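Single-letter residue listing:
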Amino acid sequence: MNFGPNVTVLTVPMLSPVMGPTVIYPVLLKDGDGLTLIDTGMFGQYDSLVQAILQAGEQLSSIKRIILTHQDIDHIGNLPVLVREIPGVQLFAHPGDIPVISGSESMLKMTPERITGMPQAFQEQINAFLEQLTQLGEITELHDGDQLPWGGGAEVIHTPGHTPGHICLYLPQEKLLLAADELRVADGRLAGPAESATPDMPLALRSLRKLDGLPVQSIVCYHGGRYDGSPQVLIDSLAGGL
Ligand SMILES: [Zn+2]
């Protein structure tokens, strides 16, 4: 799915231990100097991501940088293998989640306690994955209000609550909001962050206010995909009075 010449939304099948078989929507921003990948898919499901990139007519080797919208395992899951496969790829994330993405702090949701309760084979895989996070190299900080030059221009909007360092990206040229997990599409309807996966729901709802007044024509949610329309009515109903 494309939004103009600069934005391609990937459709990647995902097998989630929590949600079962589902689909996620990482995004490629295209520029003269290469591709920017936004989020990397579920850990252990690298082939699905690569296939989606090839199906979009793009090459892995054209990826110059990776933006992580937040620390969750279905977003950073293929980061270690991508860093190995693409020499020199640059990484970007909000400082609120960098300690987790770089392996120096435990994940907020896939906690050591939770991992201990998983089947042995899964424990070994995820512990190997967490170990690899410590070898990613430098992650450049993205901050609220940063204007990124890629994909025709993208603004960083820090929307904590789902995780401390969660970000959305707004692309004014396409009037497109990449909402990551701050919004979802469920049964064709726009919805707020998933309560079961959002440790600080009041903060996540207050963060919706940062999207107030944005001229949005379309939204891409990592879970649920494309929604055509503005989020304003939903924001007012979920965050009214906040
Ligand atoms: Zn997610």
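All figures in this text were calculated on a predicted structure; none of them were measured in a lab. (Residues numbered from 1 in each chain as written. Predicted model: local features only at pLDDT ≥ 70, side-chain atom pairs only at ≥ 80, totals over all residues. Heavy atoms only, no water.)

### Comments concerning the sheet that holds strand S11 (residues 154-158)
Inference 1: With mixed pairing, the six strands of this open sheet are ordered in space as S10-S11-S12-S13-S16-S17. In this open sheet, the two strands that pair with only one neighbour each are strand S10 (147-148) and strand S17 (225-228).
Inference 2: Summarising the sheet, S11 and strand S12 (residues 167-171) pair through four bridges and their orientation is antiparallel. Looking at the pairing, Glu155 lines up with Tyr170 of S12. (Pairing = 2+ DSSP bridges. Helix = DSSP H or I, 4+ residues; strand = E, 2+ residues; numbered from the N terminus.)

### Here we look at the packing of aromatic side chains
Inference 1: Following the criterion strictly, the structure yields three aromatic pairs and no others.
Inference 2: Arranged with centres 5.9 Å apart and planes meeting at 80 degrees, the rings of Phe43 and Phe122 form a pair that is edge-to-face. With Phe43 in the loop between strand S6 (34-38) and helix H1 (46-55) and Phe122 in helix H6 (residues 120-133), this residue pair connects regions lying 79 residues apart in the sequence. With respect to class, Phe43 is no different from Phe122; both count as buried. (Phe/Tyr/Trp six-rings, centres within 6.5 Å; stacked < 30°, edge-to-face > 60°. Buried < 20%, exposed > 50% of the residue type's maximum accessible area, 1.4 Å probe, protein only.)

### Quick look at the coordination of the zinc ion
Inference 1: Asp74 (OD), His75 (NE2), Asp181 (OD) and His223 (NE2) make up the full set of protein donors to the zinc ion, lying at 2.1 to 2.5 Å.
Inference 2: Geometry at the zinc ion is irregular, judged from the four donor atoms that bind it and their angles of 79 to 171 degrees at the metal.
Inference 3: Site description for the zinc ion: donor spacing in sequence, D-H-x105-D-x41-H. Taken as a pair, Asp74 and His75 share a single burial class, namely buried. (Donors = N, O, S within 2.8 Å, 3.2 Å for Na, K, Ca; no water. Tetrahedral: all angles 85-135°; square planar, octahedral: opposite > 155°, others 65-115°.)

### As for the UniProt feature "domain: Metallo-beta-lactamase" (unreviewed entry) in the chain
Inference 1: Under the UniProt annotation, "domain: Metallo-beta-lactamase" (unreviewed entry) lies at residues 23-223.
Inference 2: The distance separating the terminal C-alpha atoms of residues 23-223 is 7 Å; by composition the span is 26% helix and 25% strand. (UniProt positions renumbered as here; feature names shortened; annotations may be inferred.)

### So, H1
Inference 1: Listing the buried residues of H1 in full gives Tyr46, Leu49, Val50, Ala52 and Ile53. What you see down the axis of H1 is that its buried residues fit within an arc of 160 degrees, all on one side. Those residues of H1 that are exposed and angled more than 90 degrees off the buried face are Asp47, Gln51 and Gln55.
Inference 2: Looking at the buried side of H1, the elements it contacts are strand S3 (12-16), S6, strand S7 (63-67) and helix H3 (79-85).
Inference 3: Directly beyond the C-terminal end of H1, a positive phi value near 80 degrees is found at Gly57. (Arc of directions from axis to C-beta. Contact = heavy atoms within 4.5 Å.)

### Digging into the pattern of salt bridges
Inference 1: Scanning the model with the defined rule gives seven salt bridges in all.
Inference 2: Between Asp33 and Arg65 there is a salt bridge whose closest N-O contact spans 3.1 Å. Within this pair, whereas Asp33 is found in the loop between strand S5 (27-31) and S6, its partner Arg65 is found in strand S7, the two being separated by 32 residues in sequence.
Inference 3: A residue is classified by how much of its surface remains accessible, and Arg65, at 4% relative accessible area, is buried.
Inference 4: The partner of Arg209 in a salt bridge is Asp212, with the nearest N and O atoms 2.9 Å apart.
Inference 5: Each of Arg209, Asp212 and Asp236 takes part in a single network of salt bridges with overlapping partners. (Salt bridge = Lys/Arg side-chain N within 4 Å of Asp/Glu carboxyl O.)

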